[in-house]
Amino acid sequence: MNPINVVLASGKEVLPMNEALMDAGIVILIVFAVLFIIFCLISISGAIFAAIDKSAKEKVAAAPAPATPVAQDTQVQAAEEEEFSSGTLKLKGCDEKTAAMIMAIVSDNTGIPLSELVFKSITLVEEKN
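Please read all numbers here as calculations on a predicted model, not as lab measurements.

Conventions we followed
Residues numbered from 1 in each chain as written. Predicted model: local features only at pLDDT ≥ 70, side-chain atom pairs only at ≥ 80, totals over all residues. Heavy atoms only, no water. Helix = DSSP H or I, 4+ residues; strand = E, 2+ residues; numbered from the N terminus. Buried < 20%, exposed > 50% of the residue type's maximum accessible area, 1.4 Å probe, protein only. Areas by Shrake-Rupley, 256 points an atom, 1.4 Å probe, with all protein chains shown as cover. Expected span 1.5 Å × (residues − 1). Arc of directions from axis to C-beta. Phe/Tyr/Trp six-rings, centres within 6.5 Å; stacked < 30°, edge-to-face > 60°.

### Overview of the overall build of the protein
Thinking step 1. Helices and strands together make up the secondary structure of the protein, namely three helices and four strands.
Thinking step 2. When the helices and strands of the protein are listed from N to C terminus, the series reads β-β-α-α-β-α-β.
Thinking step 3. Within the protein, the fraction of its 129 residues that count as buried is 5%.
Thinking step 4. With the model as given, the accessible surface of the protein reaches about 11,800 Å², and the carbon-plus-sulfur share is 65%.

Written as structure tokens, this is what we have:
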């Protein structure tokens, strides 16, 4: 049985359906093969970079730190640098313990960390009967 040849109006011959499907299948296989090769190369290079990074971290961890005596002055300076202050707080008719409790309650109820809140003043309001 002879395959049917289709000729376009421009005079070009079109491939038969079985040959066209076979060509398309081969192209799809080639594309997936190239993608698989790229995947393998990326995986291998990732493993190599991870091993290099791990060995570099081990070398840094193995190197002894220089021994320097820590004076009390540097410890005090470090403690002072860690303190955080966002200004001044004016207490009017309220002691520090009560003010600290109020600030903690406000922080807890609003869900905002205490370090992000700024209090300008806390005033005690007297109850009038």
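Resuming the write-up.
### Quick look at helix α3 (residues 96-110)
Thinking step 1. For α3, built from 15 residues, the straight-helix expectation of 21 Å at 1.5 Å per residue is met to within 8% by its first-to-last C-alpha distance of 21 Å.
Thinking step 2. For α3, the set of buried residues is Ala99, Met103 and Ser107. For α3, the angular spread of buried residues about the axis comes to 70 degrees, placing them on one side. In α3, the exposed positions that point more than 90 degrees away from the buried face belong to Lys97, Met101, Asp108 and Asn109.

### Quick notes on the packing of aromatic side chains
Thinking step 1. Per the counting criterion, the structure on display carries one aromatic pair.
Thinking step 2. Between Phe36 and Phe39 the ring centres are 6.4 Å apart and the planes differ by 35 degrees, which places this aromatic pair in the tilted class. Of this pair, Phe36 and Phe39 both sit in helix α1 (residues 17-62), three residues apart, which is roughly one turn of that helix.
Thinking step 3. Relative accessible area serves as the criterion here: at 53%, Phe36 is assigned to the exposed category.
Thinking step 4. Residue Phe39 is classed as exposed on the basis of its relative accessible area, which comes to 51%.

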